Amino acid sequence: MAGVDSSDLLTSLDEISKATDRLASTTSKTRGSSELGKEEFLKLLVCQLSNQDPLNPQSDTEFISQLAQFSALEQMSNLNTAFANSSAYSLVGKEVVLQPSDSSEVRGTVDYVEIRSGKAYLSVGGYSYSMDDLVRVIDSFYAIQDYLPSIDEQILSYDHENPSKSNIRINLGSNGYEATSVVVAINGNYISSEYLKYSNGVLTISPEAFKDLPTGSYYLAFYFNDPYGTSIVDKVRVDVLNGDKVGQEKPDDDNVDGDEKVDGSGDVDGDENETEETP
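Residues numbered from 1 in each chain as written. Predicted model: local features only at pLDDT ≥ 70, side-chain atom pairs only at ≥ 80, totals over all residues. Heavy atoms only, no water.

### A few points about the pairing of strand β14 (residues 231-241)
Bridging between strand β7 (residues 154-159) and β14 involves six bridges; their strand directions are parallel. Across the sheet, isoleucine 155 pairs through a bridge with arginine 237, a residue of β14. Two successive antiparallel strands, strand β13 (residues 216-224) and β14, enclose a turn made up of six residues, where glycine 229 displays a positive phi of approximately 55 degrees. (Pairing = 2+ DSSP bridges. Helix = DSSP H or I, 4+ residues; strand = E, 2+ residues; numbered from the N terminus.)

### Observations concerning the packing of aromatic side chains
The way to describe two aromatic rings as a pair is by their centre distance and the angle between their planes. Counting across every chain of the model gives four aromatic pairs. Seen in terms of ring centroids, tyrosine 147 and tyrosine 177 are 6.1 Å apart; in terms of plane orientation they differ by 5 degrees. Their pairing is stacked. Here tyrosine 147, found in the loop between α4 (140-145) and β6 (150-151), pairs with tyrosine 177, found in the loop between β8 (166-171) and β9 (182-186); they are 30 residues apart in sequence, far enough to count as distant. Take tyrosine 177: its relative accessible area is 21%, and that puts it in the partly exposed class. Ring geometry for tyrosine 177 against tyrosine 228: centres 6.1 Å apart, planes inclined by 45 degrees, an arrangement best described as tilted. One end of the pair, tyrosine 177, is in the loop between β8 and β9; the other, tyrosine 228, is in the loop between β13 and β14, with 51 residues separating them in the sequence. (Phe/Tyr/Trp six-rings, centres within 6.5 Å; stacked < 30°, edge-to-face > 60°. Buried < 20%, exposed > 50% of the residue type's maximum accessible area, 1.4 Å probe, protein only.)

Here it is in structure tokens:
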């Protein structure tokens, strides 16, 4: 190849190789990100100005337009940062749920907010979390409901012919909203504490508490002494039995095997019809 020195050719190939390596390095650093920040925008603008055609330079109008775009981009970025920080300040005292990338879900109250390097961090339970980890903000009253005493729906049976203890699963509360005692009532009467025993989330009621109740269905009422004075009156039903069925009365000794039945008025409903007297 005439007019081309081999040393120049090697130098050119070496420069091309270095340029390719720089391009690959830059590509690997930015790969996976589709966002164009203000720093990338400014780099593109500087690169465009430094590599423009000297014989056909860029007009002042285009240059000013690009500077205006860069200024608008910077202002929007600053506004987004300020808005994010302002939103973080409003979370102080709120119940939040966080999902850090390196641990399981965290729930707690935001104690304070701090700004580091222009980014907001939430302090929850003595640990600092980025605003990016925030997944849920819970209303204070709604959050408290999870901590108050509670009882699942349950149906109990008490049989006069075979009395036994009744066990009720109850939750006394948590996170500062616990109850230390509970009063239980049934059919408008309070159950004596001597018939109640609590252990490991289970309240046991002695059969003596139901012995005077007529057959039927009743709801237990629970009154806790937590800070909100929680009362639960429609979760636990007690079916008082007299044998196999609710409301079944004991049969009359004089009419155990007979075919006749006596109604409440004392009239006899038999197979024969009564004859009405004619005046």
